[in-house]
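Chain by chain, the residues:
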Amino acid sequence: MNLGPTELLIILAVVMLLFGARKVPDLARSLGQAQREYKRGTTEDEAQEHPA
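Residues numbered from 1 in each chain as written. Predicted model: local features only at pLDDT ≥ 70, side-chain atom pairs only at ≥ 80, totals over all residues. Heavy atoms only, no water.

(A) Looking closely at the overall build of the chain. Within the chain, the regular secondary structure consists of 2 helices and 0 strands. Taken against the 2.2 N^0.38 rule, which gives 10 Å for 52 residues, the C-alpha radius of gyration of the chain at 17 Å runs more than 25% over that of a compact globule. Going through the 52 residues of the chain one by one, you find that 4% of them count as buried. Here the chain has roughly 5000 Å² of accessible surface; of this, 61% comes from carbon and sulfur atoms. Across the chain, the 6 positively charged side chains and the 7 negatively charged ones have centroids separated by 15 Å. (Helix = DSSP H or I, 4+ residues; strand = E, 2+ residues; numbered from the N terminus. Rg over C-alpha atoms; globule rule 2.2 N^0.38 Å. Buried < 20%, exposed > 50% of the residue type's maximum accessible area, 1.4 Å probe, protein only. Areas by Shrake-Rupley, 256 points an atom, 1.4 Å probe, with all protein chains shown as cover. Lys, Arg positive; Asp, Glu negative; His and termini not counted. Charge placed at Lys NZ, Arg CZ, Asp CG, Glu CD.)

Structure (structure tokens):
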């Protein structure tokens, strides 16, 4: 699924309407933290499955 610039702008506009301009940075920050925690969890899980 490829998203072009037009689709990204539409998604951004919908997010701005739903959450407001003040909430978007907080939402992006929390998504980034969730992504980091997920990656950390998967790497720890792989390390437990395959000890060196």
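Read on for the rest.
(B) Seen up close, the pattern of salt bridges. Applying the stated rule across the entire model yields 1 salt bridge. Across the salt bridge formed by Asp26 and Arg29, the nearest N and O atoms sit 2.8 Å from each other. Here Asp26 and its partner Arg29 are both found in helix H2 (residues 24-49), 3 residues apart, which amounts to about one turn of the helix. (Salt bridge = Lys/Arg side-chain N within 4 Å of Asp/Glu carboxyl O.)

(C) Layout of the environment of Lys23. As for its placement among the helices and strands, Lys23 is situated in the loop between helix H1 (5-19) and H2. The sequence separation of Lys23 and Asp45 amounts to 22 residues, and the corresponding C-alpha distance is 33 Å.

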